[in-house]
Amino acid sequence: QKRGFSCYLPGRTLPMLPPGLTARISLRAGEKSLAHSVFLDVDRATGEIVSARREHSAIKVTHRLAYPEVQKFSDENVAPADWPESLRADLRELLDVSKKVRAFRALREEFIELPLPEIRVLCAENENRIIGLEKKLSAEAEQLVEEFMLAANSVVGSELVERGIAGIFRVHPAPEAEKTMEFSDLMADAFHLPCGDISERKNCNKFIASLPDDPRREVILSALLRSLPRASYIAKADLHFALGKSRYCHFTSPIRRYTDLIVHQQLWNFDSGVRLRNGRTMEKIADHCSDAEENNDNAYYAACDRMKLRYLEERLENGDDNLYESVIARVLSGGLQIDVPELGIYGFVPVEQLGGRFDRRDGALFQKYGRRSYKCGDYLYVRLARIDFARGNAIFVPAGR
């Protein structure tokens with residue numbers, strides 16, 4: 001049947017609360033659990049979500065899957081021995097449908113796809129030490145879950161608006177004109193790339209698709225990300241620029257995010273005929289959650305950068321190879337700020353380590369008595385010299401010096 005595929009989504013996510021509590025409220029294989037569900041009816045041919053409904057339900061998880069297993073199944077059609085054929089067939093269909101839903105969403109909403117990898121710090125928890133870094137880029141296994149979570153969040157966001165229920169919405173403003181001009185100038189001056197008007201999602205995606213497949217790509221994507229405003233929470237549905245949505249909330253992670261839990265409570269009270277929180281209360285909660293999220297993000301990234309520096313210091317002390325390919329991100333009178341994509345950090349090359357005397361003009365360094373020059377977008381092979389923990393910086397020198 002053209003519209004014969006229905007997808008069930010429980011309103012649960014990975015536990016982030018104390019283990020004793022999450023053990024009681026998380027989904028467990030082989031046991032019935034209460035859930036808050038969104039059911040989606042998807043057109044098999046086009047990937048369009050043609051109808052949806054939200055219900056309180058009871059479900060039973062029959063099999064728990066891990067992302068690496070699903071990804072291997074997607075890439076190689078290889079599954080663990082304990083996967084029954086019915087599970088394999090359902091997963092094949094889910095993967096196929098999620099791709100079509102994503103393609104339809106790309107066509108209809110023109111969401112911004114920013115394929116910027118995350119450099120994660122790997123720790124040996126029992127030994128309390130850092131064992132390495134891992135580059136993580138979203139793959140089909142993650143996108144399978146992401147697509148249906150986005151759909152469920154959109155369905156619930158629309159229901160809040162249509163029923164007049166005070167909620168908390170996830171919004172992302174369009175880029176500010178000053179920021180887009182700064183980014184456009186940077187691309188033209190440093191990378192000689194025209195980016196067009198990135199305040200239009202279509203132009204933004206066209207620019208991303210045109211980027212060179214080399215280390216400069218990640219540097220440019222990082223700069224693009226910094227030119228966009230932060231997403232936040234407000235009590236009124238509004239634009240989510242990156243997703244191309246106007247009625248979007250967070251619903252699918254009530255164990256992990258407080259905003260999702262508040263939305264669940266509002267919907268439960270509405271369904272039960274209990275008094276709801278009003279719009280003014282939701283505004284206060286939304287403001288608090290936005291501030292708390294920003295503080296949390298800042299602390300998280302600062303901690304990750306600190307751990308990366310500690311890991312690099314250990315490699316330096318152990319005499320491990322520390323040659324890296326970098327891209328000059330900014331030229332200063334005192335030296336070069338470099339982006340090291342392999343490490344996911346910015347570093348600094350002091351001007352005295354470049355050899356000779358340099359003048360800074362037109363946003364670049366030019367050797368006073370020679371032909372060498374350094375400008376944004378140039379490649380530079382470097383070696384780690386030392387870690388400046390006081391300033392939270394990695395100091396590099398050009399390779400060969």
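Nothing here was measured: the structure is a model prediction, and the numbers come from that model.

What counts and what doesn't
Residues numbered from 1 in each chain as written. Predicted model: local features only at pLDDT ≥ 70, side-chain atom pairs only at ≥ 80, totals over all residues. Heavy atoms only, no water. Helix = DSSP H or I, 4+ residues; strand = E, 2+ residues; numbered from the N terminus. Buried < 20%, exposed > 50% of the residue type's maximum accessible area, 1.4 Å probe, protein only. Contact = heavy atoms within 4.5 Å. Areas by Shrake-Rupley, 256 points an atom, 1.4 Å probe, with all protein chains shown as cover. Lys, Arg positive; Asp, Glu negative; His and termini not counted. Charge placed at Lys NZ, Arg CZ, Asp CG, Glu CD. Expected span 1.5 Å × (residues − 1). Core = buried A, V, L, I, M, F, W, Y, C linked by side-chain atoms within 4.5 Å. Axes fitted to C-alpha atoms, helices over the stretch in contact; angles between N-to-C directions. Left-handed = near helix turned anticlockwise from the far one by under 90°. Nonpolar A, V, L, I, M, F, W, Y, C, P; charged D, E, K, R; others polar. Pairing = 2+ DSSP bridges. Arc of directions from axis to C-beta. Salt bridge = Lys/Arg side-chain N within 4 Å of Asp/Glu carboxyl O. Parallel < 35°, antiparallel > 145°, perpendicular 65-115°, else oblique.

Draft legend 1. Region of the structure containing the overall build of the protein. Of the regular secondary structure elements, the protein holds nine helices and 15 strands. Looking at the 401 residues of the protein, the share that counts as buried comes to 42%. Considering only contacts in the protein between residues 6 or more positions apart, those separated by 24 or more positions represent 63%. As displayed, the protein has an accessible area near 22,300 Å², and 49% of this comes from carbon and sulfur atoms. Positive and negative charge centroids in the protein, built from 58 and 59 side chains respectively, lie 2 Å apart.

Draft legend 2. Representation of helix H4 (residues 140–163) in the model. Helix length check: H4, at 24 residues, gives a terminal C-alpha distance of 34 Å against a target of 34 Å (1.5 Å per residue), a fit within 8%. Positioned one or two residues after H4, Gly164 has a phi angle of 70°, which is positive.

Draft legend 3. Local environment of the nonpolar core. In terms of nonpolar packing, the biggest core is built from 46 residues, with Phe183, Leu336, Ile338 and Phe396 touching the most fellow members. If you tally residues by element for this core, the top one is helix H7 (residues 215–227), at five residues. Leu336 has contacts with Ile328, Arg330, Val331, Gly347, Phe348, Val349, Leu354, Leu365, Tyr374 and Leu380, leaving out every residue within four places of it along the chain. Within the second largest apolar cluster, 26 residues are counted, among which are Leu40, Val70, Ala152 and Val155.

Draft legend 4. Up close: the packing of helix H3 (residues 85–109) against H4. Orientation of H3 relative to H4, taken along the N-to-C sense of each, is 65°, at an axis distance of 9 Å. The crossing of H3 and H4 is left-handed. Within the contact between the two elements, H3 uses Leu91, Leu94, Leu95, Val97, Ser98, Lys99, Val101, Arg102 and Arg105 and H4 uses Glu140, Gln143, Leu144, Glu146, Glu147, Phe148 and Leu150. Residue classes in the contact of H3 with H4 are distributed as eight nonpolar, two polar and six charged.

Draft legend 5. Geometry of the sheet that holds strand S10 (residues 345–350). Strand order in this closed barrel of five strands is S8-S9-S10-S15-S14, and the pairing throughout is mixed. Ignoring strand direction, the axes of neighbouring strands in this sheet form an average angle of 55°. Where strand S14 (residues 379–388) meets strand S15 (residues 393–398), six bridges bridge the pair, whose relative direction is antiparallel. Counterpart to Val382 in the pairing with S15 is Pro398. Of the strands in this sheet, strand S8 (323–332), strand S9 (335–340), S10 and S14 are in contact with H7, which crosses S8 at around 40°.

Draft legend 6. Helix H5 (residues 177–191), seen in detail. With 15 residues, H5 ought to run about 21 Å at 1.5 Å a step, and its terminal C-alpha atoms sit 20 Å apart, in line with that. Of all the residues in H5, the buried ones are Thr180, Phe183, Met187, Ala190 and Phe191. Viewed along the axis of H5, the buried residues span an arc of 125°, placing them on a single side of the element. When the buried face of H5 is taken as reference, the exposed residues oriented beyond 90 degrees from it are Ala177, Glu178, Met181 and Asp189. If you follow the buried residues of H5, they end up packed against helix H6 (201–209), H7 and S8. Two residues or fewer after H5 comes His192, characterised by a positive phi angle close to 55°.

Draft legend 7. Region of interest: the pattern of salt bridges. Applying the stated criterion across every chain yields a total of 28 salt bridges. When the shortest N-O distance is used, the salt bridge between Arg28 and Glu31 registers 3.0 Å. Two residues, Lys245 and Glu109, come together in a salt bridge whose shortest N-O distance is 3.1 Å. With Lys245 in the loop between strand S7 (232–234) and helix H8 (258–272) and Glu109 in helix H3, this pair connects stretches of sequence that are 136 residues apart. An identical accessibility class is assigned to Lys245 and Glu109; each is buried. Each of Arg102, Arg105, Glu113, Glu146 and Glu147 takes part in salt bridges that share partners, so that together they form one network.

Draft legend 8. Quick look at the side chain of Asn269. Tracing the backbone shows Asn269 in helix H8. Taking relative accessible area as the criterion, Asn269 reaches 17% and is therefore assigned buried. Once residues within four sequence positions are removed from consideration, Asn269 is found in contact with Val274, Arg275 and Leu276.

Draft legend 9. Inspection of the pairing of S15 at higher detail. Counting buried positions over the six residues of S15 gives five, a clear majority of the element. In the sheet, S10 pairs with S15 via two bridges, with the strands oriented parallel. Bridge pairing in S15 places Gly347 opposite Ala394. The hairpin turn running from S14 into S15, its antiparallel successor, is four residues long, and Gly392 in that turn takes a positive phi close to 65°.

Draft legend 10. Broad picture of the packing of H8 against helix H9 (residues 279–317). Their axes nearest at 10 Å, the elements H8 and H9 cross at an angle of 160°. The pairing of H8 with H9 is recorded here as roughly antiparallel in orientation. As H8 runs across H9, the sense of the crossing is left-handed. Contacts between H8 and H9 pair Tyr258, Thr259, Ile262 and Gln266 from the former with Met282, Ile285 and Cys289 from the latter. Along the lines of polarity and charge, the residues of the contact of H8 with H9 split into five nonpolar, two polar and no charged.

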